[in-house]
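Next come the chains, spelled out residue by residue.
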Amino acid sequence: MIADMVEPEKRVDAYALMRMIANLGVSIGPAVGGFIATGSYALAFYLAAGAHVIFSLLIILFVAETMPEEEEGEAGSRSYLPVLRDRPFMTFMTTLVVAAMPAPIMFVLLPVYIKEQFGIPESGFGIMMSTNAFMVVTLQYLTTRFSRRFRPPPVLAVGAIFYALGAGSVGWGRAFPAFMISMAVLTVGEMLIFPTATALTANLAPPDMRARYMGVYNLTWAVGIGIAPVIGGLLNDQIAPVAMWYGALTLGLAGALGFVWLERSGRRREAWSQPGLEAPEGV
């Protein structure tokens, strides 16, 4: 819907704003829920369900179809086969899966690691997650305003390197401040990758197939979230706890190399350079 409503040159900013709003909710929600839960856990869940009902009613009553009428009328096959046969796009998705794996390893396995290895309680990880959300809320738009001057593959490659270093540096940490720095580094990668990859997906998709391209794009993140903790857990069990962080470092760097290859190979070069995603003259 955002791609329907926003012209290509402004989509990166639009998706950055969407992430800021989402993370604002992530920042406020737990605090509100915790306050309510001191009186009643059940009430917290009822109010959360009520909020979703209100959201649904707002969508039903006030949000209209955004697809332009001529494109809606021209929509062809509703199969996902055209998306899956789009080899440049699927190569991009495969690279994104690998590049994004350090993040779920970090978010799923870090709280267990720091508690078992260093005695840092769950509240410490809660502070790290709040820091992640706070950085996105306050810095996402500024980061995107800078990164949108460059073409997507280099931005994604740099973001993957930050992902790799953020998760990999956990293996070198020994105290809470070091793990906080690791989370901050990983968050920079998150702010570079998410809006850029989302806008690029919207620009790669034919107008009448945006929803299907976005569906595959979101499934890509889900695949990474499902696989990465399993890989991390196997490295933890079969080698050593610290091995999962070196594994995350390797995956992130492999993803960065994949984005560099996409840039150099010339695949979908015209899409990489669409308005709003290309570097200004001289960059």
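Residues numbered from 1 in each chain as written. Predicted model: local features only at pLDDT ≥ 70, side-chain atom pairs only at ≥ 80, totals over all residues. Heavy atoms only, no water.

**Overview of the pattern of salt bridges**
Now for step 1: Applying the stated rule across the entire model yields seven salt bridges.
Now for step 2: Measuring nitrogen to oxygen at the nearest pair gives 3.4 Å for the salt bridge that ties E7 to K10.
Now for step 3: Exposure remark for K10: the relative accessible area of 45% places this residue in the partly exposed category.
Now for step 4: Across the pair E263 and R151 runs a salt bridge, and its minimum N-O distance is 2.2 Å. Taken together, the positions of E263 in helix α12 (residues 243-265) and R151 in the loop between α8 (122-147) and α9 (152-168) put the pair 112 residues apart, joining distant regions of the chain. (Salt bridge = Lys/Arg side-chain N within 4 Å of Asp/Glu carboxyl O. Buried < 20%, exposed > 50% of the residue type's maximum accessible area, 1.4 Å probe, protein only. Helix = DSSP H or I, 4+ residues; strand = E, 2+ residues; numbered from the N terminus.)

**Focus: the nonpolar core**
Now for step 1: Counting residues in each nonpolar core, the largest one holds 53 residues, and the members touching the most others are F92, L110, W245 and F259.
Now for step 2: Only α2 (11-37), α6 (87-100), α7 (102-118), α8, α9, α10 (176-204), α11 (210-238) and α12 provide two or more residues apiece to this core.
Now for step 3: The leading source of residues in this core is α10, at 10 residues. (Core = buried A, V, L, I, M, F, W, Y, C linked by side-chain atoms within 4.5 Å.)

**Here's the deal with the confidence of the model for the chain**
Now for step 1: With 90% of its residues at a pLDDT of 70 or more, the chain shows a mean pLDDT of 87.
Now for step 2: Scored below 50 in pLDDT, residues 275-283 makes 28 contacts in the model with residues more than four places away or belonging to other chains. (pLDDT = per-residue confidence, 0-100. Contact = heavy atoms within 4.5 Å.)

**Notes on a nonpolar patch on the surface**
Now for step 1: Together, M1, M5, V53, I54, F55, L57, L58, I59, I60, L61, F62 and V63 line one region of the surface with nonpolar side chains, adding up to about 1300 Å² of accessible area.
Now for step 2: The element that contributes the greatest number of residues to the nonpolar patch is helix α3 (residues 41-62), accounting for nine residues.
Now for step 3: With respect to the helices and strands, L58 occurs in helix α3. (Patch = residues over 30% accessible without salt bridge, like charges linked within 9 Å, V, L, I, M, F, W, Y side chains within 5 Å. Areas by Shrake-Rupley, 256 points an atom, 1.4 Å probe, with all protein chains shown as cover.)

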